[in-house]
Amino acid sequence: MDFIQFLVAFLFVGLTCFHFLRSNSRHRKSGKLPPGPYCFPIIGNIPLISRNPHQSLAKLAETYGPIMYLKLGSIDTIVVTSPKIAKEVLQHQALLGRRIPAATEVHGHDSHSMAWLPADNHWRILRKISKEHVFSVPRLEASQGLRQDKLQKLLDYVHECIVNHQLVDIGEAAFITSLNLMSATFFSVDCAQFNSDSTQEMKETLQAMTKVVTSFNLVDFFPVLKSIDPQRIVHKSNVCFGQIYSLLDNMINQRLKLRAESSEYVEKNDLVESLLHYSQSNPSEFPRDFIKHFLLDLFVGGTDTTAATVEWVMTELIRNPEIMSKARNELWDVVGRNNQVKESDISRLPYLQSVIKETYRYHPTGPLLIPHKAEVDTEISGYIVPKNSQVYVNAWAIGRDSNIWSNPDSFDPERFMKREIDIKGQDFDLIPFGSGKRMCPGYPFAARIVPHMVATLIHNFAWKPEKGMKPDISEKFGVALQKAVPLKVIPIKL
Ligand code: HEM
């Protein structure tokens, strides 16, 4: 170890100890912290957290209860594992903040992004735009046709796989379809293609960025290391964000050019058109430069989550052939065997909707939601949530709690045929999209495209697991909770 390394290590240990001692004494003075495991100096409780943190935290909650305190590095962390306390947390004005991962503090993303901004005026404007200009019923109805075409592409791809005796990687097919459904709705273009070695730039860049942003970054647990960036994650993230912004800028500039060049330009019925209008009419509220940050939030928030959900639904349907038959029979009864399923059919498919709710219960793709942050010391359930602590709501553990759900480990859509429950954040037993002011703004979009994709995949195809083995359900934590082993299956035309 040379002198500089020694100095850095010495400063790091010293500063972290100082921070640790200072924050602990402050909390003891200001109120009672929730119960939790013993914190080691410097690292705190990091050794207790596995690669699937929602599982480790669920296990710890069995010992420490529905509200726990942990120290992850130097970060105060509160974990909530009950519907009642989740409601208190998600509805509390002081807990609407976000701790910003260092990897997103590049290209000004953190100060423009709906997902990372504090709940301030700027954030409220972005939420309003997404509600009124992206996910309102009239907007989504108007862009339905653009999406129908992308589902036909998915069908064509599966047919092609049958002809070529090829397996279908469901997660990959769903990712490409989600990306295309989104780019059709936003830009009226396709971003990615099936079966293409030169799969397009947007898909690759998004996947690279997601990988970087979700890597375990020491800096997020020891902010004193920020300026050193020891794993070079912020550096890599800077490159990925740069690439993606340049792609988005190109798309926006092309549209501006088209609009400017031709007097006969016919406006497209998509989001970019609508955002450009909004920005032109409200330049101080939503300057033109904000558009790319806004679009990136939607792509990142929407692709992995919807693709992973479709993969989980298909996994459970293949593991449970009688549930698959029942869902398919419903489709045949309601839509007919030879008609293509449309978005407008979904509301008439209660069993399919129950299958999807059961998937959200058992495999929520945002198992810990996105962590919230306490803006001030806040009292929750008689305990103090210290200012600046991150607050996790373990939706995954709530979905598997045997005090709430009978036979929580069996995949049983029938439970939702008997029990009326919505997933729009009103019922805290099931909160895959969160709840309250910070709830997922993309819910109305996901509520259309997830069932539509699944219905398209099961309507006219049967699916056989590779080598006849039941697909497993082990998990991999990331932007979305994914399958550890991708679902690759054989399609059969019915
Ligand atoms: C199955 C699909 C989806 C699931 C399970 C899901 C889940 C979630 C969850 C749990 C949150 C955090 C809520 C909280 O912090 O309390 C969230 C936030 C968010 N989601 Fe989704 N989401 C999905 C689809 C989408 C789609 C399709 C979009 C956009 C096209 C989207 C965009 C966002 C954005 C921008 C946020 C941040 C909102 C904010 O912080 O104010 N999501 N989502």
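Looking at an unreviewed UniProt entry, the protein chain carries the name Cytochrome, with the source organism given as Forsythia ovata. The heading Subcellular location (unreviewed entry) in the UniProt record of the protein chain holds the text "Membrane".

Caption draft 1: Representation of the site of the ligand in the model. Residues in close proximity to the ligand total 26 residues, the closest being Arg 98, Trp 123, Arg 127, His 372 and Cys 440. Take Trp 123: an N or O atom from its side chain is 2.9 Å from an oxygen atom of the ligand. Among the secondary structure elements, those contributing two or more residues to the shell around the ligand are α4 (121–134), α12 (290–319) and α17 (443–459). Per-element accounting of the shell around the ligand gives the leading share, 6 residues, to α12. Residue composition of the shell around the ligand, by class: 15 nonpolar, 8 polar and 3 charged.

Caption draft 2: Highlighting the packing of aromatic side chains. The tally for this structure, following the rule as stated, stands at 13 aromatic pairs. Look at Phe 286 and Phe 294: their rings are 6.0 Å apart centre to centre, the planes differ by 80 degrees, and that puts the pair in the edge-to-face class. Each member of the pair Phe 286 and Phe 294 is classed as buried. Chaining the aromatic ring pairs together yields one cluster made of Tyr 278, Phe 286, Phe 290 and Phe 294. When the ring centre of Tyr 362 is taken as reference, the NZ or CZ atom of Arg 400 above it lies at 3.9 Å. Cation over ring: Lys 493 sits above Phe 461, and NZ or CZ is 5.7 Å from the ring centre.

Caption draft 3: How the structure looks around the sheet that holds strand β4 (residues 372–373). Sheet architecture is open: 4 strands sit in the order β1-β2-β7-β4, paired in mixed fashion. Every other strand in the sheet has two partners, leaving β1 (67–72) and β4 as the edge strands with one partner each. Here 2 bridges tie β4 to strand β7 (residues 390–393), and the two strands are oriented antiparallel to one another. Residue pairing in the sheet places His 372 in a bridge with Val 391 of β7. Those strands touched by helix α2 (residues 53–64) are β1 and β2 (75–80), and its axis lies near 125 degrees from that of β1. Lying on the sheet, helix α3 (residues 83–90) is in contact with β1, β2, β4 and β7; it crosses β7 at an angle near 140 degrees.

Caption draft 4: Structural view of the layout of surface pockets. Empty space within the second largest pocket amounts to approximately 1,000 Å³. At the level of secondary structure, the elements contributing two or more residues to the lining of the second largest pocket comprise α4, α5 (137–142), α14 (350–362), α16 (414–418) and α17. Across the lining of the second largest pocket, the residue classes tally to 19 nonpolar, 7 polar and 10 charged.

Caption draft 5: Representation of the pattern of salt bridges within the structure. Here the structure, examined in full by the defined rule, presents 25 salt bridges. Between Arg 448 and Glu 343 there is a salt bridge, and its shortest N-O distance comes to 2.9 Å. With Arg 448 in helix α17 and Glu 343 in the loop between α13 (321–335) and α14, this pair connects stretches of sequence that are 105 residues apart. The class of Arg 448 is buried, set by a relative accessible area of 16%. Among the ionic pairs, Arg 415 bridges to Glu 358, the shortest N-O distance being 3.1 Å. Here Glu 358 lies in helix α14 and Arg 415 lies in helix α16, a separation of 57 residues in the sequence. Each of the two residues, Arg 415 as well as Glu 358, counts as buried. Here the salt bridges do not stand alone but share partners, grouping Glu 141, Arg 147, Glu 343 and Arg 448 into one network.

Basis of the calculations
Residues numbered from 1 in each chain as written. Predicted model: local features only at pLDDT ≥ 70, side-chain atom pairs only at ≥ 80, totals over all residues. Heavy atoms only, no water. UniProt positions renumbered as here; feature names shortened; annotations may be inferred. Near = heavy atom within 4 Å. Polar contact = N/O pair within 3.5 Å; in protein donor to acceptor, adjacent residues only side chain to side chain. Helix = DSSP H or I, 4+ residues; strand = E, 2+ residues; numbered from the N terminus. Nonpolar A, V, L, I, M, F, W, Y, C, P; charged D, E, K, R; others polar. Phe/Tyr/Trp six-rings, centres within 6.5 Å; stacked < 30°, edge-to-face > 60°. Buried < 20%, exposed > 50% of the residue type's maximum accessible area, 1.4 Å probe, protein only. Lys NZ or Arg CZ within 6 Å of the ring centre and 35° of its normal. Pairing = 2+ DSSP bridges. Contact = heavy atoms within 4.5 Å. Axes fitted to C-alpha atoms, helices over the stretch in contact; angles between N-to-C directions. 1 Å grid on protein atoms, 1.4 Å probe; cavity = no way out; pocket = protein on both sides within 12 Å on 5 of 7 lines; lining within 4 Å. Points joined across faces, edges and corners; volume = space filled by probe spheres on them. Salt bridge = Lys/Arg side-chain N within 4 Å of Asp/Glu carboxyl O.

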